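The residues making up each chain are set out below.
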Amino acid sequence: MHRPSRHYRVVVATLTRSRPQMLGMLIRSWAQIQLPQNCSVSFLVVENDTEPRSATVVQNANEMMAETPLRHVLEPQLGIAYARNRAAREAICQAADLLLFIDDDEEPAEDWLVRIVSAYRYSGALLLGGPVRARPPLQVLTPLEAKIYANVADYYWQREKQMHAAVVRNGRPVRIATNNWLADLSLFTKYGLWFDDTLGFSGGEDSDFSTKVHDMGLPMLWVDDAI
């Protein structure tokens, strides 16, 4: 099902807790990305903490985000799945069509949002994901730091190759992680899928979610160039 001409309301969300410097870098990168045509885009920070410790970071960034609304909400029930479900509920309350997740220690390529939304429009997929790569540090690294960076970069590259292989083998991805994630909100409102909050702090709520989407036979897509 192609959707080339429809107008979409898009919410780009991140979860955060006690990482104000990284969050600030992410928001600055949000201010610089290209926005997809025929879309209304807003940004959302869900702080998963007992107090709004990062609210000031978001407030100070609002001038940078003059063309796109930026909101902060506090989710005091601790647990990643609770925070993800809160983001979904907030997006639904805004009558959004699409919800995207990116981690608070990441920065998207300038064309990331354009590419992943375009892939959604022309694919008919309901859940989409793309690669995450380790960006080389700007400063000179010590030999130990260089080895650590090389190991991290290789880890992400191996994951990307594994995803390629899975798509070739199965015709579609089996698992899509929330560090680069787009979902049609009908997955929540129509199909009744939510993140499993019984997982607590263990993680894996995104793997569980995408496995359910896969097992229901709903269309999924891997977007190589949405980095």
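Residues numbered from 1 in each chain as written. Predicted model: local features only at pLDDT ≥ 70, side-chain atom pairs only at ≥ 80, totals over all residues. Heavy atoms only, no water.

Q: Explain the side chain of T16 residue by residue, including any values.
A: With respect to the helices, strands and loops of the structure, T16 is situated in strand β1 (residues 8-16). For T16, the contacting residues outside a window of four places in its chain are L23, V45, V46, E47, N48, S54 and D104. (Helix = DSSP H or I, 4+ residues; strand = E, 2+ residues; numbered from the N terminus. Contact = heavy atoms within 4.5 Å.)

Q: Tell me about the nonpolar core, and name the residues and values.
A: One broad trend across soluble globular proteins is that nonpolar side chains are buried collectively. Formed by 30 residues in total, the largest nonpolar core has its most connected members in V10, V12, I27, W30, L70, L113 and I116. For this core, the elements supplying multiple residues, two or more each, are β1, α1 (20-30), β2 (39-47), α2 (55-61), β4 (98-102) and α4 (112-123). It is α4 that contributes the most residues to this core, six residues altogether. In contact with W30, other than residues within four places in its own chain, are V12, A13, T14, F43, L44, V45, M65, L70, I102 and P108. With 28 residues, the next largest nonpolar core counts A88, L99, F195 and L218 among its residues. (Core = buried A, V, L, I, M, F, W, Y, C linked by side-chain atoms within 4.5 Å. Buried < 20%, exposed > 50% of the residue type's maximum accessible area, 1.4 Å probe, protein only.)

Q: Tell me about the pairing of β4, and please be specific about residues and values.
A: Most of β4 is tucked away, with five of its five residues classed as buried. Judged by which residues are buried, β4 turns out to be covered on both faces: L98, L100 and I102 on one side and L99 and F101 on the other are all buried. Strand direction decides the pairing type here: β1 and β4, joined by four bridges, are parallel. Opposite V11, over in β4, you have L99 as the bridge partner. Taken together, the five bridges between β4 and strand β6 (residues 180-184) define a ladder with antiparallel strand orientation. The partner of L100 across the bridge, within β6, is L182. (Pairing = 2+ DSSP bridges.)

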